[in-house]
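# Topology and contacts: notes
Here's the letter readout for the chains.
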Number of protein chains: 2
Amino acid sequence: MGQSRSVGDVGVDAGGVVTGTRPHVLATYVIETSLPLQRAAEVLAGEQSTGTFVRVARESDDLRARFAAQVESIDEIPPTGASPLPGAIGDPGARRRALLRLRFPLDNFGPSLPNLLAAVAGNLFEIKELAAIKLVDLDLPGAFAERYPGPAFGVDGTRRLMSRSEGAMIGTIVKPSIGLSPEDLGELVGELATAGVDFIKDDELQGNGPTAPLAARVRAVMPVLQRHADRTGVKPMYAFNITDDIDRLEANHDLVVAAGGTCVMVCVNLVGLSGLEYLRRRAQVPIHGHRTMFGALSRSEQVGFSFRAWQKLVRLSGADHLHTNGISNKFYESDAEVLESIAAVREPLLGLTPTVPVLSSGQWGGLAHATYSAVATTDLLVLAGGGIHGHPDGSAAGVMSMREAWESAARGESPAAALEHSAALRRATEVFGPVRA
Amino acid sequence: MGQSRSVGDVGVDAGGVVTGTRPHVLATYVIETSLPLQRAAEVLAGEQSTGTFVRVARESDDLRARFAAQVESIDEIPPTGASPLPGAIGDPGARRRALLRLRFPLDNFGPSLPNLLAAVAGNLFEIKELAAIKLVDLDLPGAFAERYPGPAFGVDGTRRLMSRSEGAMIGTIVKPSIGLSPEDLGELVGELATAGVDFIKDDELQGNGPTAPLAARVRAVMPVLQRHADRTGVKPMYAFNITDDIDRLEANHDLVVAAGGTCVMVCVNLVGLSGLEYLRRRAQVPIHGHRTMFGALSRSEQVGFSFRAWQKLVRLSGADHLHTNGISNKFYESDAEVLESIAAVREPLLGLTPTVPVLSSGQWGGLAHATYSAVATTDLLVLAGGGIHGHPDGSAAGVMSMREAWESAARGESPAAALEHSAALRRATEVFGPVRA
């Protein structure tokens, strides 16, 4: 198994010479184990670099010194009381929880995201010495940003394309999620454009099925948006869900762009980070990154990825927009978690163009003040499905309620002041409840 | 929210006419909830098809009848006592566990694996009404096999290429996992070929780093194997790990094939199912599917995918070989789980060419009898890393011990008889312990 060394930046070059700093990746995990923490950390480091279950020929000390993952730090944290992962060995009473940082030499995998993942997020989830193992952060060297350019449009490019130079970008999701005929979709999009929405997206469930295939949706939607643009000078951005097999992504993208579309959406976990990256190399419009299936990777406290770690990989892979969820959402995440996710997406990363956080799920105008007071920015894409379509006075009033609420929040007003100024917001509260402070 | 209907095969066509059987997907979940089971099932079905949190315009009864996911069956099962997923709502004392089957109209997504996943494995993992939500099986209509051809080589193609027409296919993993120079790798491969191994693979940690890039490994390995083939008529199969960005997969594959290589390996979860499928469309040799990172998706009892559900997607995407783990492995899975996984991979699936189960992790000759008595086949690729490299008499004796043990098991002999006939197996027990019955 790998030896634990706390020698920091020291490496050994091909000639066996100890050198100074070599590029490395720092991976931070939450672990639980019934073994001594140091021992469990060494098992993990060994499994993910030079180790097998017996020492083998050609596994020299030099090789270990150069390629072994090193235990950088172990900080014990309070247990949560969650059940251990199945198959965890050792005395349950001895179980402890810790934040563990491991240092991996970049030379082990090079600046390749898939190969990085084999080391920092591969077999380790199956290690029986661990009763919890979750990757919660990744610090990557600059070599990754040299290989992966990240978003091509980001906040500024998105604002430019939708003609919304300041303020929260207000968007919506086509509802019902699936089943609308292209004709009905075109009609709905016309209403939403007239309502003044900045952005419309397909539901992630709306792929390329036979009743409303992508080509038919593009044909139904783009002329409507083009006519709106001709009248008003503003073309709302429509994110067509082009998620599909890799070999279809480029053609799907091209179909959208040829019709004057300004955005494509992919479900990142369904095409893979690699599929997103493949699209990024070819995309001429912003890529709207949907996070569906993320719960499978992240909802357990005991295994998988935190949003913080995962979103760095997604941004490197080129998502211009990334779903973070919103406060008071209809899913499992607490407001604190959502706000951490939004902050994480807004943190600088290796000099990449900033990705736009996308707030969605159960959103409506009454959440603007509470959200803004926590995030202090309007560089956000805020999506309301039911919150716009379900406004008692229709979608135009729904958009108005969202826009006026966000403008009020950004001016530093109280919710009470917003309600005073905005009739649309007042009416929204009749359906969606009080404005959150 | 979607309405629960138990009407089975009934559908409604575009003209509103009720029709007979329409193609559909049956997804089976384990769920836990503190809500009434029927209510939780309806929330799930609604979220994954026509629903949003308020009823919206154009959401007609006809649309729901045609596109809503239907609750097919709910069968209560005993609780496991595992902690609920974070964010689950309701009275913890009321929590119940059930096997839930949902029926999704194929028209909702068409026979596209990424779009299928949005429906059967998308946002549902985040639903707060659920305290557990794991996709445990998928029954897919034939349309998927029309679009996805599955493995091109499978069991027969693999046997032919490695000249091993019967008996267990015995393989090994290059160890140390990473850090070997190409020269050392070539030397090691020569030893292993001479030792009589059928198959050798790169470790999943060995990607395309600067110290042993793929091109250098191919240059070091293939001439050695070619010389061995010239001498013996048998070319052991070497699975080069070509995992990388999508745009590099084809070139990596071509590099291997141009040098006479007969197999490529990808880490399925690192390139995505879509990446595997992309490679399948281009591959001229078998694809060895590594399952690394699978634990992140599956180890929790409460969320994610079972191996049974996941392997169907991998086989459709074209993996000729697929890692199942082996009994007495060094990871968390029980022998019963491993044996179920091997059986699942061997089950017929939509007429696809059979995928080879790959047994690995802690394997050695002493596990042959116990494995064979459970699986009753030698259409397996059995990989031993330490179990071959760490044999007290070297790798040739390691291979011999594996081969003789599997031949003995397949003849129906007892472990005692195997030990009597095989000196190599006797010696292996000195390091690895007694043969398992």
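What counts and how
- The written sequence of each chain sets the order in which its residues are numbered from 1.
- Going through the entries in the order they are written, you letter the chains from A and number the ligands from 1.
- Totals for whole chains, interfaces and linings use every residue, but because this is a predicted model, local features are given only for residues with pLDDT of at least 70 and side-chain atom pairs only at 80 or more, for both listing and counting.
- Side-chain figures throughout are based on the complete set of non-hydrogen atoms in the structure, without hydrogens or water.
- Only heavy atoms matter for contacts: two residues are in contact if any of them lie within 4.5 Å across the pair.
- Here the quantity called buried area is the total loss of accessible area, with a 1.4 Å probe, experienced by two parts when brought into contact, counted for both.
- Within this document, salt bridges are pairs made up of a side-chain nitrogen of Lys or Arg and a carboxyl oxygen of Asp or Glu, the two lying within 4 Å of each other.
- In this text, helices come from DSSP runs of H or I with a minimum length of four residues, and strands from runs of E with a minimum of two, each type numbered from the N-terminal end.
- The classification used treats Ala, Val, Leu, Ile, Met, Phe, Trp, Tyr, Cys and Pro as nonpolar, Asp, Glu, Lys and Arg as charged, and all other residues, Gly among them, as polar.
- In these notes, a set of buried Ala, Val, Leu, Ile, Met, Phe, Trp, Tyr and Cys residues joined through side-chain atoms within 4.5 Å is what counts as a nonpolar core.
- With a 1.4 Å probe rolled over the protein chains alone, any residue whose accessible area is under 20% of its type maximum counts as buried; one over 50% counts as exposed, and the rest are partly exposed.
- Domain segmentation is taken from an automatic or database assignment of domains.
- Polar contact is the term for a pair of N or O atoms within 3.5 Å; when the atoms are in protein, one must be able to donate a hydrogen and the other to accept it, and sequence-neighboring residues count only if both atoms are side-chain atoms.
- Orientation is described by axes fitted as lines to C-alpha atoms, over the contacting stretch for helices, and by angles from 0 to 180 degrees between their N-to-C directions.
- Should an angle fall under 35 degrees it is taken as roughly parallel, and over 145 as roughly antiparallel, whereas 65 to 115 is taken as roughly perpendicular and any remaining angle as oblique.
- What sets the superposition is a least-squares fit of C-alpha atoms, and only residues with pLDDT of at least 70 in both copies go into it.

## Quick word on the interface of chain B and chain A
- Between chain B and chain A, the residue contacts involve 99 residues of the former and 100 residues of the latter.
- For the chain B face of the interface with chain A, the top three residues by lost area are R58, E126 and R299 of chain B, together amounting to 11%.
- Our enumeration of links across chain B and chain A arrives at 10 salt bridges.
- Here R147 of chain A and D245 of chain B are joined by a salt bridge, their closest N and O atoms 2.8 Å apart.
- For the side of chain B that touches chain A, the elements supplying multiple residues, two or more each, are α2 (61-67), α3 (113-120), α6 (182-194), α8 (246-258), α9 (268-280), α10 (294-298), β12 (303-305) and α14 (386-389) of chain B.
- Ranked by residue count, the leading element in the side of chain B that touches chain A is α9 of chain B, at 6 residues.
- In terms of residue class, the side of chain B that touches chain A is made up of 39 nonpolar, 35 polar and 25 charged.

## Examining the nonpolar core
- Judged by nonpolar contacts, the single largest core of 265 residues is most densely connected at V120 and F305 of chain A together with V120 and F305 of chain B.
- Dropping the residues within four chain positions of it, V120 of chain A is found in contact with V25, A27, Y29, F104, L135 and L138 of chain A.

## Digging into the domain arrangement of chain A
Residues and elements named next belong to chain A.
- When cut into domains, chain A gives domain 1 (22-147) and domain 2 (154-432).
- Centre-to-centre, using C-alpha coordinates, domain 1 lies 35 Å away from domain 2.
- Carbon and sulfur atoms supply 61% of the area that domain 1 and domain 2 bury against each other, a total of about 1,800 Å² over both sides.
- A salt bridge links K312 to D139; the nearest nitrogen and oxygen atoms lie 3.9 Å apart.
- Applying the counting criterion to the domain 1 and domain 2 interface returns 15 residue pairs in polar contact (both at pLDDT 80 or more).
- Put simply, the parts of the chain that give the side of domain 1 that touches domain 2 at least two residues each are α3 (113-120), β6 (132-139) and α4 (143-147).
- Here the element with the most residues in the side of domain 1 that touches domain 2 is β6; it accounts for 8 residues.
- Grouping the amino acids of the side of domain 1 that touches domain 2 by side-chain chemistry returns 19 nonpolar, 3 polar and 7 charged.

## Regarding the packing of helix α9 (residues 268-280) of chain A against helix α11 (residues 307-316) of chain A
Residues and elements named next belong to chain A.
- One way to put it is that α9 packs onto α11 with a least axis distance of 9 Å and a crossing angle of 55 degrees. Considering the angle they form, α9 stands oblique to α11. Packed against α9, whose contacting residues are V268, N269, L273 and L276, the element α11 presents W310, L313 and V314 at the interface.

## Observations regarding the relation of the copies chain B and chain A
- Each copy superposes on the other: chain B lies on chain A with an RMSD of 0.0 Å after a rotation of 180 degrees and an axial shift of 0.0 Å. Considering both components of the superposition, the chain copies are consistent with a two-fold axis. Of every C-alpha in chain B, the one belonging to G272 of chain B sits nearest the axis of rotation, 2.4 Å from it.
- Both copies contact each other with a shared surface, as 100% of the interface residues of chain B are interface residues in chain A too.

## Some thoughts on the side chain of E413 of chain A
All names here are of chain A.
- Position of E413 relative to the elements: it lies in the loop between α15 (395-410) and α16 (415-421).
- A polar contact is formed between the side chain of E413 and the side chain of R411, at a distance of 3.0 Å.
- Side-chain polar atoms of E413 contact the side chain of H421, separated by 3.3 Å.
- Sequence-distant contacts of E413, defined by excluding residues within four places in its chain, comprise H369, S408, A418 and H421.

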